[in-house]
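A closer look at the structure
Here is how the chains run, residue by residue.
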Amino acid sequence: MAGERTELDALRSCMADLLRAHGVAAVEAWPGRDRQRLTGVVAAVSIRSCTAEPGAFWEYLGEELDADAGVWRERYGRRLEVVFGLDLYAPGEAGGGACQTGFDALAQALHTGTGGGLRLIALSRGEVSYDQELDVLRCPAEARCRAYLYASAEEGGAFTDFVVKGEVL
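Residues numbered from 1 in each chain as written. Predicted model: local features only at pLDDT ≥ 70, side-chain atom pairs only at ≥ 80, totals over all residues. Heavy atoms only, no water.

The next thing to look at is the pairing of strand β4 (residues 71–91). Most of β4 sits out of view: 16 of its 21 residues are buried. Two elements, strand β3 (residues 59–66) and β4, share seven bridges in a ladder whose sense is antiparallel. Of the residues in β4, the one forming a bridge with glutamate 59 is glycine 77. The turn joining β3 and β4, which pair antiparallel and follow one another in sequence, is formed by four residues; a positive phi near 70° is taken by glycine 70. (Buried < 20%, exposed > 50% of the residue type's maximum accessible area, 1.4 Å probe, protein only. Helix = DSSP H or I, 4+ residues; strand = E, 2+ residues; numbered from the N terminus. Pairing = 2+ DSSP bridges.)

Structural data, given as structure tokens:
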């Protein structure tokens with residue numbers, strides 16, 4: 001249903017929040033509102049792929065007490081490997097160096113700040129290109145991460161929240 005938060009929304013939000021917390025301007029791709037004029041480099045966070053490991057889509061983990069509501073909720077989870085699109089956009093007049101500076105900041109944030117429930121496996125980027133119609137520079141980038149996604153379910157089986165947790169080694 002429209003307006004409901006999904007597990008992919010939780011993952012996208014987690015990555016965007018992590019980047020912003022480390023000083024990287026980041027927005028979730030397709031925010032459902034008009035795009036603002038760029039004044040600096042911005043990372044657009046999307047999910048390019050997501051795979052669950054191993055077995056079933058949701059794995060039963062047991063029950064937990066929701067202290068606020070005073071009820072027991074079933075807990076489910078799965079180990080995920082997620083490829084985030086972290087495409088960098090810069091104003092056209094900024095020059096290609098702006099995208100490199102943005103990628104350097106992105107790499108620093110991901111190598112020092114993946115404690116937000118995401119474990120970085122690989123980071124890559126492509127060539128900078130110019131979009132004449134939008135007057136922006138675009139540098140495709142991807143981060144492959146591992147995470148655990150947990151959700152609680154109400155008695156009727158509806159999931160109530162999604163929480164991203166880091167991998168325990």
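Don't stop here, the text continues.
A word on the packing of aromatic side chains. Across all of its chains, the model carries zero aromatic pairs by this definition. The ring of phenylalanine 103 is capped by arginine 125, whose NZ or CZ atom sits 5.7 Å from the centre of that ring. (Phe/Tyr/Trp six-rings, centres within 6.5 Å; stacked < 30°, edge-to-face > 60°. Lys NZ or Arg CZ within 6 Å of the ring centre and 35° of its normal.)

Helix length check: helix α2 (residues 96–112) (17 residues) gives 25 Å between terminal C-alpha atoms against 24 Å at 1.5 Å per residue, within 8%. Turning to α2, its buried residues are Ala98, Cys99, Gly102, Phe103, Leu106, Ala107, Ala109 and Leu110. (Expected span 1.5 Å × (residues − 1).)

All right, on to unusual backbone geometry then. For residues other than glycine, phi is negative in most cases, and the peptide bonds are mostly trans. In this model, aspartate 135 sits at a positive phi of 55°, which is unusual for a non-glycine residue. Tracing the backbone through its elements, the reader meets aspartate 135 in the loop between β6 (129–131) and β7 (136–139). Judged by relative accessible area, which is 25%, aspartate 135 ranks as partly exposed.

Within this structure, the stated rule accounts for seven salt bridges. Between arginine 12 and glutamate 28 there is a salt bridge; the shortest N-O distance is 3.8 Å. Remark: glutamate 28 occurs in strand β1 (residues 26–28) and arginine 12 occurs in helix α1 (residues 7–21); sequence separation between them is 16 residues. Between glutamate 81 and arginine 146 there is a salt bridge whose closest N-O contact spans 3.2 Å. With glutamate 81 in strand β4 and arginine 146 in strand β8 (residues 141–153), this residue pair connects regions lying 65 residues apart in the sequence. (Salt bridge = Lys/Arg side-chain N within 4 Å of Asp/Glu carboxyl O.)

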